[in-house]
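Spelled out from the first residue to the last, the chains are:
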Amino acid sequence: MLENKKVLFSGMQPSGRPTLGNYLGAFKNWNSLQEEYDCIYCIADLHAITVRQDPSMLRKYTKELLALYLAAGLDNEKNTIYIQSNVSAHAELAWILNCYSYMGELSRMTQFKDKSQKQGQNIPTGLFNYPVLQAADILLYQTSVVPVGEDQRQHLELARDIAIRFNNIYGDVFTIPEMYIPKVGAKIMGLQNPTKKMSKSDADNENNVIYLLDDLKVIANKIKRSVTDSDNQIIYSDDKPGIKNLLNIYCAITNKSTEQAEKDFNGFGYGAFKEAVSEVVVEEIRPIQEKFNTILSDKAFLENVIKDGAKKADYIANKTLRKVKKKVGFI
Ligand code: TRP
């Protein structure tokens, strides 16, 4: 690692089609972090297989996520972008940390409780161990800050607990990571259910989610059909979750304040407002899709980015892994 910047680490699972929420809440803003931090972005395919994936779809989604990062402007020279399964240190450290984490603390993870309920009788052990793998991800890179949503807070706290526990036994091996609340970036909610986060794994209702690779006409239609309320006033308020969400989307793209947006739309009806929002969304996504298609069709380029990212990540991760192995007594 060059200079003495702190490390920022984040991961995203390639377990579905990336959404407008993923983009506006996360990777649209990642370039703005690169001056201040050494940024490492992991495409978490090891995490994705904690629930059954179709192999050809997993491959497709993994490549697509990477191509989308690049298409959205994330600079792969200035940041480390890689595929988790390309760096075997993740699996190795995860095993070791399994021996330093407790059944009790893993049983308390709310995401495990939610996800395991959907699995019937046979709950994969990996689903239970998932947060340990996530701790390994974070700790391998001596990460200081992890930008994640509220839903990941518990996992981050576990990573901290494991790191502190390990350091207490063996000395200063891991940097203790902190949760990073980004200065920019919006939490985007579903269009049909604006009180719940827009999620790529929410495949039940197509109209609830804008996928970045949706046809542009489809995107405009989804916005037009989004759920609002009946008082026809464009005001940013918790009592109006649908309108608030559309304003958040509009502001995240235009960089306007919500006060400014309220002024812009003073006197507009919902129809015209939705029209305006859908126009900025479509014009934001259009060039990304064009670039995405170019990148995805350039197989050699993409392969190079993958190889390069893996090499950079592998180097950093193995420094920590070697230290850990020595500490626990492996020859
Ligand atoms: N578990 C995270 C999610 O589902 C993704 C993830 C994997 C991650 N490893 C990570 C996030 C490390 C932050 C740090 O959103």
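Residues numbered from 1 in each chain as written. Predicted model: local features only at pLDDT ≥ 70, side-chain atom pairs only at ≥ 80, totals over all residues. Heavy atoms only, no water.

Enquirer: What should I look at first to understand the packing of aromatic side chains in this one?
Expert: Each aromatic ring pair is summarised here by two numbers: the centre-to-centre distance and the angle between the ring planes. In this structure the tally under the stated criterion is 16 aromatic pairs. Judged by centre distance (5.1 Å) and plane angle (50°), the ring pair of Phe-166 and Phe-174 falls under tilted. Following the ring pairs from residue to residue traces out a cluster consisting of Tyr-23, Phe-27, Trp-30, Tyr-41 and Tyr-69. Taking the ring centre of Tyr-211 as reference, the NZ or CZ of Arg-17 above it sits at 3.8 Å. (Phe/Tyr/Trp six-rings, centres within 6.5 Å; stacked < 30°, edge-to-face > 60°. Lys NZ or Arg CZ within 6 Å of the ring centre and 35° of its normal.)

Enquirer: Even after reading the chapter, I still don't get the site of the ligand, so can you show me in this structure?
Expert: In the vicinity of the ligand, the residues found are Phe-9, Gly-11, Gln-13, Ala-44, His-47, Tyr-130, Gln-134, Asp-137, Ile-138, Val-146, Val-148 and Gln-152. Within the contact set of the ligand, a nitrogen atom lies 2.9 Å away from a side-chain nitrogen or oxygen of Gln-134. In this structure, Gln-152 approaches the ligand through a side-chain N or O atom, which is 3.4 Å from a nitrogen atom. When the ligand sits alone it has 360 Å² of accessible area, and the protein chains cover 90% of it. Put simply, the parts of the chain that give the shell around the ligand at least two residues each are β1 (6-12) and α7 (125-140). The element best represented in the shell around the ligand is α7, accounting for four residues. Looking at the shell around the ligand residue by residue, the class counts come to six nonpolar, five polar and one charged. (Near = heavy atom within 4 Å. Polar contact = N/O pair within 3.5 Å; in protein donor to acceptor, adjacent residues only side chain to side chain. Areas by Shrake-Rupley, 256 points an atom, 1.4 Å probe, with all protein chains shown as cover. Helix = DSSP H or I, 4+ residues; strand = E, 2+ residues; numbered from the N terminus. Nonpolar A, V, L, I, M, F, W, Y, C, P; charged D, E, K, R; others polar.)

Enquirer: What should I look at first to understand the packing of helix α12 (residues 270-297) against helix α13 (residues 299-328) in this one?
Expert: The relative placement of two packed helices is expressed as an angle between their axes plus a distance between the axes. The contact between α12 and α13 brings their axes to 5 Å, and the two run at 85°. Classified by the interaxial angle, the pair formed by α12 and α13 is roughly perpendicular. Contacts from Ile-295, Leu-296 and Ser-297 in α12 reach Lys-299, Phe-301 and Leu-302 in α13. For the contact of α12 with α13, the class distribution of residues is four nonpolar, one polar and one charged. (Axes fitted to C-alpha atoms, helices over the stretch in contact; angles between N-to-C directions. Parallel < 35°, antiparallel > 145°, perpendicular 65-115°, else oblique. Contact = heavy atoms within 4.5 Å.)

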